[in-house]
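# Structural description and commentary
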Amino acid sequence: MVFKAALTLLSLAASATLSNAVNFGATGYVDVAVYGGTPDGKAAGILYGVPNQVAYDPNTAPSFPDSLATDAGITYVRTGGAQTPYPGWGMQANRGNYQGYEKRFASSLENYRSARRWGAKVVLLPHDIWGGDAYADLQKGEWPCDNGDCSEYGRFLDRLIADLKSNSMVEGLAIDIWNEPDGYGFWPRSQDQFHQMYSFSFNKFRSAFPTSSGVLLQGPATEQPPGANNGWWQAHGAYLQKNPSVIPDVYSYHALIGRYAADCGNDPVTMQQDFDALRGKYGLPIRPVQINEFAYKDEQTPGYYAWFISRLERVGVSGLRANWGSRVGLHNDLARLLLPSSDGKSWSKLGEWHVAQYYRKTQTGKITLAGAAGSKCFDLYVTQDRSAGRVNILAGVRGQEGPYPINVKNVRNMPQFANLNALRATIKEIPFNNLGAVSAPTILQNAASVPIDGNGWVNFNLTLKLDSAYTIDLFA
Ligand SMILES: *[C@@H]1O[C@H](CO)[C@@H](O)[C@H](O)[C@H]1NC(C)=O
């Protein structure tokens with residue numbers, strides 16, 4: 001989530017090739033006659049990004065308007081006091097100083113309270129409260145279960161569990177046991193030591209928070225997604241198979257490969273197929289999956305965000321936007337849905353904020369069958385509301401430009417459309433604007449009449465701009 005400086009430089013160097021984006025060609029489809037699930041904002045989570053006093057110390061944190069989060073319908077906040085100006089427990093406690101722990105816990109608690117006020121769930125990151133976020137020199141501190149001794153880490157977990165309980169920080173809580181244990185930045189130790197720490201933590205948390213408490217235990221939150229060629233994941237699958245009592249309530253991993261992933265990769269659909277294969281190979285049970293950091297920073301644009309939403313919804317995986325900020329910048333922009341003003345006291349909306357708002361506030365009713373044939377680079381997320389007589393289409397693309405035909409089939413299945421020969425359509429573009437403020441989506445067509453063809457379809461042919469998302473509202 002942070003410390004990707006080397007990768008960033010590589011990405012900048014490669015940006016010259018950006019304008020050569022290939023159009024792989026695809027046709028989008030919607031079937032108004034097939035609908036079902038109720039939208040629950042699976043893909044509207046964020047990693048950090050929520051202002052809290054500790055992150056702004058020694059300055060005063062600005063007051064943050066709740067509506068910026070509630071209008072974007074944030075569903076998950078993942079937090080743990082990272083990058084605040086206090087080292088965590090593991091960097092101080094062995095010298096008798098608990099201030100860093102207390103500050104990082106206070107930061108987490110304030111974020112928890114904000115999230116719960118917004119109706120969002122919380123994913124807690126104990127590794128950050130321990131101080132495993134590379135704020136201090138990685139090699140200076142103590143890491144859980146160093147030299148086979150988990151006792152100091154056990155004292156940390158006991159204190160953390162007591163503080164969670166005494167602060168009523170339990171409802172809506174999930175605990176991600178450790179972040180990115182497959183990467184040096186967050187776990188400069190062996191996989192065997194990770195497994196020792198993981199089981200030790202899991203058992204302590206589970207005895208404090210039995211399944212009946214509703215607290216979910218998650219893992220392993222890897223930097224690399226599961227796959228047949230991923231030795232770390234294969235070893236982890238075998239470990240869980242041998243130790244079924246520590247199989248997590250929610251499996252977690254990250255999707256951070258970036259826009260240059262070959263063949264429209266970094267794809268939650270492909271990752272879920274790989275995960276299911278691995279799960280089957282090691283006889284692990286089906287449980288919910290969370291990709292709790294998705295999109296490398298060059299994938300944080302409206303077009304990619306809409307595509308990620310569609311892909312996550314397609315496989316029923318919850319998703320939290322990655323956060324590429326550090327220090328205060330990790331805590332101040334809802335994982336780059338917002339643009340803080342230069343004095344840090346007010347915020348403008350970025351294009352992606354409007355994608356979230358459309359997804360969460362306009363796309364109500366029932367999820368409707370939709371997709372794109374011909375390429376993984378295109379997808380659609382579609383809802384319909386039969387009480388209001390409307391269909392709402394979010395068109396996401398992964399780095400594509402040019403034409404995108406979309407056929408909306410069986411429109412007369414909607415009772416309000418049954419006797420019509422034309423519908424009205426409002427089409428909007430949500431631009432990237434190079435990370436500049438976007439006050440509102442751009443209206444391309446306002447309530448324009450579109451004919452229903454001889455098949456009972458309504459047909460569109462969008463002209464995509466790179467990085468833009470598009471919305472189509474259909475009504476009588
Ligand atoms: C969409 O528009 C493009 C460019 O204007 C055109 O080449 C293509 O044939 C159109 N596709 C459909 C299905 O109308």
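All figures in this text were calculated on a predicted structure; none of them were measured in a lab.

## As for the overall build of the protein chain
A tally of regular secondary structure across the protein chain gives twelve helices and 19 strands. Here the analysis covers contacts within the protein chain between residues at least 6 apart in sequence; of these, 78% occur between residues at least 24 apart.

## Some points on the nonpolar core
Grouped together as the largest cluster of nonpolar side chains are 116 residues, with contacts concentrated most on F308, I309, L380, L394 and A395. No other element matches the seven residues that helix α11 (residues 302-315) contributes to this core. Composition of this core by domain shows at least three residues from each of domain 1 (41-362) and domain 2 (366-475). Ignoring sequence-local partners within four residues, the contact set of A395 consists of G28, A306, L380, Y404, I406, L462, A469 and Y470.

## Details of the sheet that holds strand β16 (residues 422-430)
Taken together, nine strands build an open sheet; the order of strands is β17-β16-β19-β14-β13-β12-β1-β15-β18 and the sheet is mixed. Since the sheet does not close on itself, it has two edges, and those belong to β17 (442-451) and β18 (458-464), each with one partner. The mean inter-strand angle of the sheet, taken between neighbouring strand axes irrespective of direction, is 20 degrees. Bridge count for β16 against strand β19 (residues 469-475) is seven bridges, and the pairing is antiparallel. Bridge pairing links E429 to Y470 in β19. Those strands touched by α11 are β13 (378-385), β14 (390-397), β16 and β19, and its axis lies near 110 degrees from that of β14.

## Quick notes on the packing of α11 against helix α12 (residues 351-362)
Where α11 meets α12, the axes come as close as 8 Å, and the angle between the chain directions of the two elements is 30 degrees. The angle between α11 and α12 falls in the class roughly parallel. Two packed elements cross with a definite hand, and for α11 against α12 that hand is right-handed. Across from P302, Y305, A306 and I309 in α11, the residues of α12 making contact are G351, E352, V355 and Y359. Among the residues forming the contact of α11 with α12, the class breakdown is six nonpolar, one polar and one charged.

## Focus: the sheet that holds strand β5 (residues 173-176)
Spatial ordering of the closed barrel is given by β2-β3-β4-β5-β6-β7-β8-β9, a layout of eight strands whose pairing is parallel. For this sheet, the mean inter-axis angle between neighbouring strands, taken without regard to orientation, is 25 degrees. Pairing analysis gives four bridges linking strand β3 (residues 76-79) to strand β4 (residues 121-124), with the strands arranged parallel. Residue pairing in the sheet places V77 in a bridge with V122 of β4.

## Description of the environment of P441
Considering the arrangement of structural elements, one finds P441 in the loop between β16 and β17. The class of P441 is buried, set by 22 C-beta atoms lying within 10 Å. As a C-alpha pair, P441 and A277 span 164 residues in sequence and 40 Å in three-dimensional space. If sequence neighbours within four positions are ignored, P441 has contacts with H354, K428, E429, I430 and T471.

## A word on helix α5 (residues 99-117)
Compared with the 27 Å implied by 1.5 Å per residue over 19 residues, the 27 Å span of α5 between its first and last C-alpha is a close match. Of the residues making up α5, those classed as buried are G100, Y101, K103, R104, F105, S107, S108, L109, N111, Y112, S114 and A115. In this fold, the buried residues of α5 make contact with α2 (53-56), β3, α4 (89-92), β4, α6 (126-130) and α7 (151-166). Once α5 ends, the next one or two residues include G119, with phi positive near 80 degrees.

## Details of the pairing of strand β7 (residues 250-255)
Most of β7 is tucked away, with five of its six residues classed as buried. Across four bridges, strand β6 (residues 216-222) lies against β7 in parallel orientation. Note that in β7 the partner of P220 across the bridge is S252. The pairing of β7 with strand β8 (residues 289-294) spans five bridges and is classified as parallel.

## Considering the pairing of β8
For β8, a buried count of six out of six residues is recorded, marking the element as mostly surrounded by other parts of the structure. Of the crossover connections in this fold, the one passing from β7 over helix α10 (residues 268-281) to the parallel β8 is right-handed. Relative to strand β9 (residues 318-321), β8 runs parallel, the two being bridged by three bridges. Paired with F294 across the strands is R321, a residue of β9.

## Comments concerning the environment of G351
Mapping G351 onto the fold places it in helix α12. We classify G351 as buried; it has 27 C-beta atoms within 10 Å. A C-alpha to C-alpha distance of 5.8 Å links G351 and P431, two positions 80 residues apart in sequence. Residues in contact with G351, not counting those within four places in the same chain, are P302, I430, P431, F432, N433 and V438.

## Digging into the domain arrangement of the protein chain
Frequently, the measure chosen for interface size is the accessible area removed from exposure when the parts meet. Annotation of the protein chain at the domain level lists domain 1 (41-362) and domain 2 (366-475). Taking only C-alpha atoms, the centre of domain 1 and the centre of domain 2 are 33 Å apart. On the side of domain 2, 26 residues touch domain 1, which itself brings 25 residues to the contact. The set of elements that each furnish at least two residues to the side of domain 1 that touches domain 2 consists of α11, β11 (347-349) and α12. Take the side of domain 1 that touches domain 2: its biggest share by element is eleven residues, from α11. For the side of domain 1 that touches domain 2, a count of residues per class yields twelve nonpolar, seven polar and six charged.

Basis of the calculations
- Residues numbered from 1 in each chain as written.
- Predicted model: local features only at pLDDT ≥ 70, side-chain atom pairs only at ≥ 80, totals over all residues.
- Helix = DSSP H or I, 4+ residues; strand = E, 2+ residues; numbered from the N terminus.
- Contact = placed C-beta atoms within 7 Å.
- Core = buried A, V, L, I, M, F, W, Y, C linked by C-beta atoms within 7 Å.
- Buried ≥ 20, exposed ≤ 12 C-beta atoms within 10 Å, placed from the backbone.
- Domains from an automatic or database assignment.
- Pairing = 2+ DSSP bridges.
- Axes fitted to C-alpha atoms, helices over the stretch in contact; angles between N-to-C directions.
- Parallel < 35°, antiparallel > 145°, perpendicular 65-115°, else oblique.
- Left-handed = near helix turned anticlockwise from the far one by under 90°.
- Nonpolar A, V, L, I, M, F, W, Y, C, P; charged D, E, K, R; others polar.
- Expected span 1.5 Å × (residues − 1).
- Right-handed = clockwise from strand over helix to strand, strands pointing away.

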